[in-house]
Amino acid sequence: MWYEQTEKKRLVTVADFYGPDSGVQSLFPAYIESEIQAGLIAAGLVPWLIFGQEQVNSETVRALYAGGNAAHTRSLKKTMPGDELPRVKLTFADSDIYLYKYGASIEAAYEVIRNQRYDALGWHFRQIAEQVAVDETDLAMDVLVGGDGTTAGAAESDSTDVDVTTAGSITYADMLSWVYNPSQPYNIDKAVAGKTDLALIANLAEFKTDSYTDFGSNFSVPGPKAVRYLRWAGGVSGSSYVDRIGVGIDSRRALRKYTWGGFLQEQDKIITRQVNIWTFSYWAGFRKWDAAATQILDCNRVL
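Residues numbered from 1 in each chain as written. Predicted model: local features only at pLDDT ≥ 70, side-chain atom pairs only at ≥ 80, totals over all residues. Heavy atoms only, no water.

> Help me understand the nonpolar core, please; the structure alone is not making it clear to me.
Ranked by internal contacts, the top residues of the largest apolar core, which has 46 residues, are Phe28, Leu49, Leu144, Val247, Leu255, Trp278 and Phe286. Broken down by secondary-structure element, the contributors of at least two residues to this core are α2 (27-42), α3 (46-49), β6 (100-109), α5 (118-146), β10 (245-249) and β12 (275-288). At 11 residues, α5 tops the list of elements feeding residues into this core. Contact partners of Phe28, with chain neighbours within four places excluded, come to Val14, Phe17, Tyr18, Leu121 and Trp278. Within the second largest apolar cluster, 15 residues are counted, among which are Ile170, Val179, Phe207 and Leu297. (Core = buried A, V, L, I, M, F, W, Y, C linked by side-chain atoms within 4.5 Å. Buried < 20%, exposed > 50% of the residue type's maximum accessible area, 1.4 Å probe, protein only. Helix = DSSP H or I, 4+ residues; strand = E, 2+ residues; numbered from the N terminus. Contact = heavy atoms within 4.5 Å.)

Laid out in structure tokens, this is it:
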């Protein structure tokens with residue numbers, strides 16, 4: 001955009017970046033990075049699930065927890081003059097949280113891409129980055145359901161979920177039990193489920209009778225219809241994340257993301273093969289910040 005506005009010329013193909021009069025060869029890596037970042041944002045659910053992101057200085061994190069303030073042990077109360085105030089102790093988690101490296105390496109000979117429209121090439125970079133975002137979302141879902149390895153961020157289980165009345169089906173009464181199960185101050189505002197269960201929910205009479213024009217009146221009461229539903233067909237092999245569950249969260253406190261080292265994008269040329277290689281990578285991990293902020297709707301009694 002800068003080149004076209006200042007030089008009054010259009011960049012059409014990749015070769016235009018390397019033309020003798022273009023003067024914008026140095027902008028090509030920046031253009032590639034912008035396409036990769038667009039792909040990471042376009043796919044995956046992580047931006048919807050986390051309430052914050054923190055930069056750390058290692059591939060492991062020793063998280064800080066507030067001991068004794070879980071929903072079932074909270075004991076804050078009114079006090080009289082001279083009474084001792086309820087005490088909440090901040091302490092390290094009993095296990096570290098690990099970050100993982102995400103990225104991809106993309107190889108192409110200059111002869112292959114030189115006559116391609118640069119925006120078409122950008123779409124390929126976006127698509128590759130989108131798959132990386134999918135993998136990152138799988139980890140986020142695995143942490144929400146399977147836990148982050150700490151006691152405070154424990155895995156969901158049959159004792160903590162809400163089972164539907166009849167395995168394999170979902171009623172509106174099931175959803176009411178699920179949404180209203182968390183204690184105060186927790187409120188489910190986002191939920192992730194697979195297409196099978198989302199189709200069952202969308203087909204409920206209570207959902208089919210509402211239209212977007214009725215949003216202001218019909219959705220004013222907190223409940224299943226006020227939740228933002230997100231579709232996810234992923235799943236981490238070998239983990240406790242399973243199909244046929246709805247993962248409801250209070251997105252203000254359920255999941256936190258950690259990054260280390262920032263986003264790294266590099267380009268290399270193998271002269272003997274006359275190919276270009278672009279790589280990008282970043283480190284990311286998740287902490288189940290408050291286990292009480294995650295509520296599972298078990299649609300097939302699989303936990």
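On we go from here.
> Looking at this structure, how should I read the environment of Lys269?
Mapped onto the secondary structure, Lys269 falls in strand β11 (residues 255-270). For the pair Lys269 and Glu107, spaced 162 residues apart in the sequence, the C-alpha separation amounts to 9.5 Å. The residues touching Lys269, leaving out its near neighbours within four places in the chain, are Val275 and Asn276.

> Would you take a moment to explain the pattern of salt bridges for this structure?
Any two side chains of opposite charge can pair, so long as their charged atoms come close to each other. Inspection of every chain in the model, using the stated rule, returns 11 salt bridges. Taking the shortest distance from any N to any O, the salt bridge between Arg273 and Glu107 comes out at 2.5 Å. In this pair, Arg273 sits in the loop between β11 and β12 while Glu107 sits in strand β6, placing the two residues 166 residues apart along the sequence. We classify Arg273 as partly exposed; its relative accessible area is 48%. Residues Lys288 and Glu156 are paired through a salt bridge, measuring 2.6 Å at the closest nitrogen-oxygen approach. Within this pair, whereas Lys288 is found in strand β12, its partner Glu156 is found in the loop between α5 and β7 (162-163), the two being separated by 132 residues in sequence. (Salt bridge = Lys/Arg side-chain N within 4 Å of Asp/Glu carboxyl O.)

> Could you clarify how one ought to interpret the sheet that holds strand β13 (residues 294-298) in this entry?
Strands in a sheet are paired, the pairing made by backbone hydrogen bonds, and the direction either parallel or antiparallel. If you walk across this open sheet you meet the five strands as β7-β13-β10-β8-β9, and the pairing is mixed. At either margin of the open sheet sits one strand with a lone partner, and together these are β7 and β9 (228-231). The sheet contact formed by β7 and β13 spans two bridges and is parallel. Within the sheet, the bridge partner assigned to Asp163 lies in β13 and is Asp298. Each of β7, β8 (190-193), β9, β10 and β13 is contacted by helix α6 (residues 172-179), which is oriented at about 160° to β13, the strand it contacts most. Here helix α7 (residues 195-202) sits on the sheet in contact with β8, β9 and β10, set at roughly 145° to β9. (Pairing = 2+ DSSP bridges. Axes fitted to C-alpha atoms, helices over the stretch in contact; angles between N-to-C directions.)

Remember, this is a structural readout, not a statement about activity or role.
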